[in-house]
Amino acid sequence: MGLFSRSNKSSKLASGHHTSGNDTSDLIINSISDGVVLLDSTGNIRVVNPGASTITGWRSKDAFGLNYLSVVKLVDDKDVEAKDSANPIAETLKTCQPKNTDALFLLTKSNRRINVDVSVSPVSNNENRGAIVVFRDITLRKQNEEEKSNFISTASHEMRTPVAIIEGYLGMLLNSQLATIDDRAKNYVEKAHENSQHLGNLFQDLLDITQLDDNRMEQHPSPINAIDFLRGVAEDLQPKAKEKNLQLVFAMGNYSSAVVMPTYHIMADKDHLLEILENVIDNAIKYTDNGSVDVSVDGDVSKVRFVVKDSGVGIAPEDVSHLFQKFYRVNNDDTREVGGTGLGLYLVKKMAESMDGRVWLESEPKKGSTFYIEFPRISDAQVNLYNNQDKVLKVQNPLQQVEPEEETEAQTEKTPETDSVSDSEVEPTEEPTAGPETEQEAPVEQEPAEEPSAEQSSVEQPPQAPTEEQNDIANQAQA
Ligand code: ADP
């Protein structure tokens, strides 16, 4: 007799007792504290173990024979029932493919909402078709994760500010117009300055990660011309490549001067895209000792792909699958001496995915790596539509009417460098007033004359307005 043809009477598992033909498997299923529910091909419940009863609040004998939708009620964070492709059980029954998620909640019989991790496996043999659903109450785990993430977020936020002030003071100390120090002291201060920048970046990465993990990262998408944008990023990173005697080549694929270059537009948040590309190109430079880093854009009707290819140390196949994990760093003779946090690629992947993109790589140890970052392509018509809406919104919003019209038209063609000063133009609904974020990030006054280096300019400015004390130092030094 097939498993699904057991009646409620004969299915002692379903009624919570010891059971059927196979004592050992019943004993195992009865003893598992996770919920285990067996469904037939129509989604009706054929077996319920005691663990499932404890989690759902449904007695086994009451649940037996009901459709899973009444017992394993999966909802999203807004209590909306997970349907069709959003419901892993429905998907497995439909596609016969295993599904897993920890992003849904289960509504118990008494309408209590709990976080669950659900794994659904297809059951398919000559006699039976259906699915086995295994679920676990992970409410406590989610609470712990949330507390941990809140702690990291608050701690990084609080520590970023003093570190930025330290960095600002050290920067002033290194400025010959503001302070005089001997060469030995300069060497020490340079090291301290470098490390305070590193610490500031680390806090910023941690802050970004907690925001991305909790889906709190704000997105301000606008159309971006991928080729111009990449060209700008590559220009900014040229000094870094030069420091290592590497060629950073902006190589535009197969397009010769005789061929008209297509325009590749994507819809993305400029700051996030900048962070993604900077991270990947910066890594390519960091992990390459000789040769070159080639960056380019290609695509097709529906996709735009940034390609970053280096002739560096490469990555072993066993490391590739871990590369996008938090804090993962390859530990071998080629990489040990290179500084880093292991957070960059995790951020890159998360950020790209938050903008409907994806990231992958090809690599060969000792030969080099190629990273691909792909986004959906938007058409020129969509870009025009966005720009026209932008104009309409500007007319409606008098705060933005002061912007000259020509600048608006040209905005999608600018490089990121120029774009970074015109964010308020691009974001039609954003008021140009200083919100809490902007307030935090007002730069410390550093030096009146010296040009910031490329490295300095790529690092976020200290998030604190100049204090009286700092102004005094600057004034005294100038006097
Ligand atoms: P890190 O701060 O350590 O650079 P990432 O998350 O950016 O952290 O990268 C994770 C690891 O992946 C690095 O420690 C390095 O070993 C490896 N890696 C990243 N990019 C490259 C590259 N272009 N070539 C070789 N190894 C790389």
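Look up: the structure comes first, before these words.
Please read these numbers as outputs of a predicted model, since none were measured by experiment.

Another point: the environment of valine 75. With respect to the element layout, valine 75 can be found in strand 3 (residues 73–75). Along the primary structure valine 75 and leucine 104 are separated by 29 residues, whereas in three dimensions their C-alpha atoms are 5.8 Å apart. Filtering out sequence-adjacent residues up to four positions away, valine 75 remains in contact with Val80, Glu81, Ala82, Leu104, Phe105 and Leu107.

Within the fold, aspartate 137 resides in strand 7 (residues 129–137). Accessibility expressed as a C-beta count within 10 Å gives 20 for aspartate 137, which makes it buried. Setting aside anything within four residues of it in sequence, one finds aspartate 137 in contact with Ile55, Ile114 and Val116.

The environment of the ligand is formed by 20 residues, the closest being Tyr287, Val330, Gly340, Gly344 and Leu345. Elements with a minimum of two residues in the shell around the ligand: helix 9 (270–286) and helix 11 (344–354). The element best represented in the shell around the ligand is helix 11, accounting for 3 residues. Within the shell around the ligand, the residues separate by chemical class into 10 nonpolar, 8 polar and 2 charged.

In this section: the nonpolar core. Ranked by internal contacts, the top residues of the largest apolar core, which has 49 residues, are Ala226, Leu230, Leu277, Val280 and Ile281. Considering each element in turn, this core owes the most residues, 8 residues, to helix 8 (residues 226–243). Composition of this core by domain shows at least three residues from each of domain 2 (142–214 + 437–478) and domain 3 (221–429). Formed by 29 residues, the second largest nonpolar core is a distinct cluster that contains Trp58, Ala90, Leu93 and Val120.

The rules behind the values
- Residues numbered from 1 in each chain as written.
- Predicted model: local features only at pLDDT ≥ 70, side-chain atom pairs only at ≥ 80, totals over all residues.
- Helix = DSSP H or I, 4+ residues; strand = E, 2+ residues; numbered from the N terminus.
- Contact = placed C-beta atoms within 7 Å.
- Buried ≥ 20, exposed ≤ 12 C-beta atoms within 10 Å, placed from the backbone.
- Near = placed C-beta within 6 Å.
- Nonpolar A, V, L, I, M, F, W, Y, C, P; charged D, E, K, R; others polar.
- Core = buried A, V, L, I, M, F, W, Y, C linked by C-beta atoms within 7 Å.
- Domains from an automatic or database assignment.

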